Amino acid sequence: VSHDSTDETGDSRAEEDANDRAILRERVLRAALRRVNEHGWTDAAIDAALRDLKLSPAMRSCVRADESMKGKSSDLAGELVGYYEEELDAAFQASVVDESDAFKGMNSKERMKWLIRKRVEMIAPKLETWPGALMTLASPNYAAATFRRRAALADFIAEAADVPRVDVLPESLD
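Every value quoted in this text rests on a predicted model; they were computed, and no experiment measured them.

Novice: I keep staring at the overall build of the chain and nothing clicks. Help me out?
Specialist: Within the chain, the regular secondary structure consists of 7 helices and 0 strands. A total of 174 residues make up the chain; the buried ones form 37% of that total. Across the chain, the fraction of contacts at a sequence separation of at least 24, relative to all contacts at a separation of at least 6, is 65%. Accessible surface, the chain: about 10,600 Å² in total, of which carbon and sulfur atoms supply 55%.

Novice: What is the right way to look at helix α5 (residues 108-121) in this model?
Specialist: In an α-helix, one turn spans 3.6 residues; hence positions three or four apart end up facing the same way. If you check α5, its first and last C-alpha atoms are 20 Å apart, about what 14 residues at 1.5 Å a residue would give, namely 20 Å. Along α5, the positions that sit buried rather than exposed are R111, W114, L115, K118 and R119. Looking straight down α5, one finds that the buried residues subtend no more than 125° of arc, so they occupy a single side. Facing away from the buried side of α5 by over 90 degrees, the exposed positions are K109, K113 and V120. Looking at the buried side of α5, the elements it contacts are α4 (77-98) and α7 (143-161). Of the residues that open α5, the one with a side-chain oxygen 3.0 Å from the backbone nitrogen of K109 is N107.

Novice: How should I be thinking about the packing of α4 against α7 in this particular structure?
Specialist: A pair of packed helices is captured by two measures, namely the crossing angle of their axes and the spacing between those axes. Packing of α4 against α7 brings their axes to within 11 Å, and their N-to-C directions diverge by 10°. The orientation of α4 relative to α7 falls into the category roughly parallel. Counted together, G82, E85, E86, D89, F92, Q93 and V96 of α4 and R149, R150, L153, F156, I157 and A160 of α7 form the full contact between these two elements. Residues that form the contact of α4 with α7 fall into these classes: 6 nonpolar, 2 polar and 5 charged.

Novice: Where do I start with the nonpolar core in this structure?
Specialist: Soluble globular proteins tend to pack their nonpolar side chains together in the buried interior. With 35 residues, the main nonpolar core has V28, W41, I46, L80, F92 and L115 as its most contacted residues. Looking at this core, the elements with two or more residues in it are α1 (2-33), α3 (43-52), α4, α5, α6 (130-137) and α7. Top contributing element to this core by residue count: α4, with 7 residues. In this structure F92 touches L115, K118, R119, M122, L153, F156 and I157, once residues within four positions along its chain are discounted.

Novice: Help me understand the packing of aromatic side chains, please; the structure alone is not making it clear to me.
Specialist: For any pair of aromatic rings, the description consists of the separation of the ring centres together with the inter-plane angle of the planes. Taken as a whole, this structure holds 5 aromatic pairs when the rule is applied. Considering the side-chain rings of F103 and W114, the 5.0 Å spacing of their centres and the 45° angle between planes classify their relative orientation as tilted. Here F103, found in the loop between α4 and α5, pairs with W114, found in helix α5; they are 11 residues apart in sequence, far enough to count as distant. A relative accessible area of 6% places F103 in the buried class. The structure contains a cluster of three or more aromatic residues connected by ring pairs, namely W41, Y84 and W130.

How each quantity is defined
- The numbers attached to residues start from 1 for each chain and follow its sequence in the written order.
- Owing to the predicted nature of the model, reporting of local features is limited to residues with pLDDT of at least 70; listing and counting of side-chain atom pairs is limited to 80 or more, with chain, interface and lining totals taken over all residues.
- To obtain the side-chain values, all non-hydrogen atoms of the structure were included, while hydrogens and water were left out.
- By the criteria applied, helices consist of DSSP H or I runs no shorter than four residues and strands consist of E runs no shorter than two, each listed in order from the N terminus.
- Only protein chains enter the accessibility calculation, which uses a 1.4 Å probe; a residue whose area is less than 20% of its type maximum is buried, one above 50% is exposed, and one in between is partly exposed.
- Residue contacts follow a heavy-atom distance rule, with two residues in contact if any of their heavy atoms lie within 4.5 Å.
- Residue burial considers only the protein chains on display, and all accessible areas are found by Shrake-Rupley using a 1.4 Å probe.
- A helix's residues, less one, multiplied by 1.5 Å, set its expected span.
- Here the arc refers to the set of directions running from the helix axis out to each C-beta atom.
- We call two N or O atoms a polar contact when they sit within 3.5 Å, provided that within protein one can donate a hydrogen and the other can accept it, with sequence-adjacent residues counted only if both atoms are side-chain atoms.
- Note on geometry: axes are C-alpha line fits, over the in-contact stretch for helices, and angles between N-to-C directions span 0 to 180 degrees.
- An angle below 35 degrees is treated as roughly parallel, one above 145 as roughly antiparallel, one from 65 to 115 as roughly perpendicular, and anything else as oblique.
- Only Asp, Glu, Lys and Arg are considered charged, only Ala, Val, Leu, Ile, Met, Phe, Trp, Tyr, Cys and Pro nonpolar, and every remaining residue, Gly among them, polar.
- We call a set of buried Ala, Val, Leu, Ile, Met, Phe, Trp, Tyr and Cys residues a nonpolar core when their side-chain atoms join them within 4.5 Å.
- Pairing of aromatic side chains requires ring centres within 6.5 Å, counting the rings of Phe and Tyr and the six-membered ring of Trp. Pairs whose planes differ by under 30 degrees are stacked, by over 60 edge-to-face, and all others tilted.

Written out as structure tokens, the structure reads:
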């Protein structure tokens, strides 16, 4: 019985730690987004965010989402861009649901254009620095995750535009 209690406490503590880490990660990445116009999509934006939040530079590793790379705090710019894209995708999907009446009278091609334009326009606040973001997303460390996000976005747009879904994700990335 004591052993089960320890396991439950250990599991509970591990869940709390993971939750605390996720909250800290989000705080740092949100603060770093405010520094992108100044520092670009770089580790320097993350370092500036840590300073803004009065956190130790040692906290850089909390930004890494991939637990298998935990402890490796270099090359975190991809985490920042990925976080921004995930935030944009979530906001985009919510706005498409909210504004679905706007494209009811359109044919599939018109809906597709409207949806793509709407999603691209969401990048406007960071447009000046976006080429650097794209370069980061194409790096070997982040290319697979970027491809997965873009495939999911394409599926969402195709469904919202009422066009047939095309499965472009290779089985090795599923």
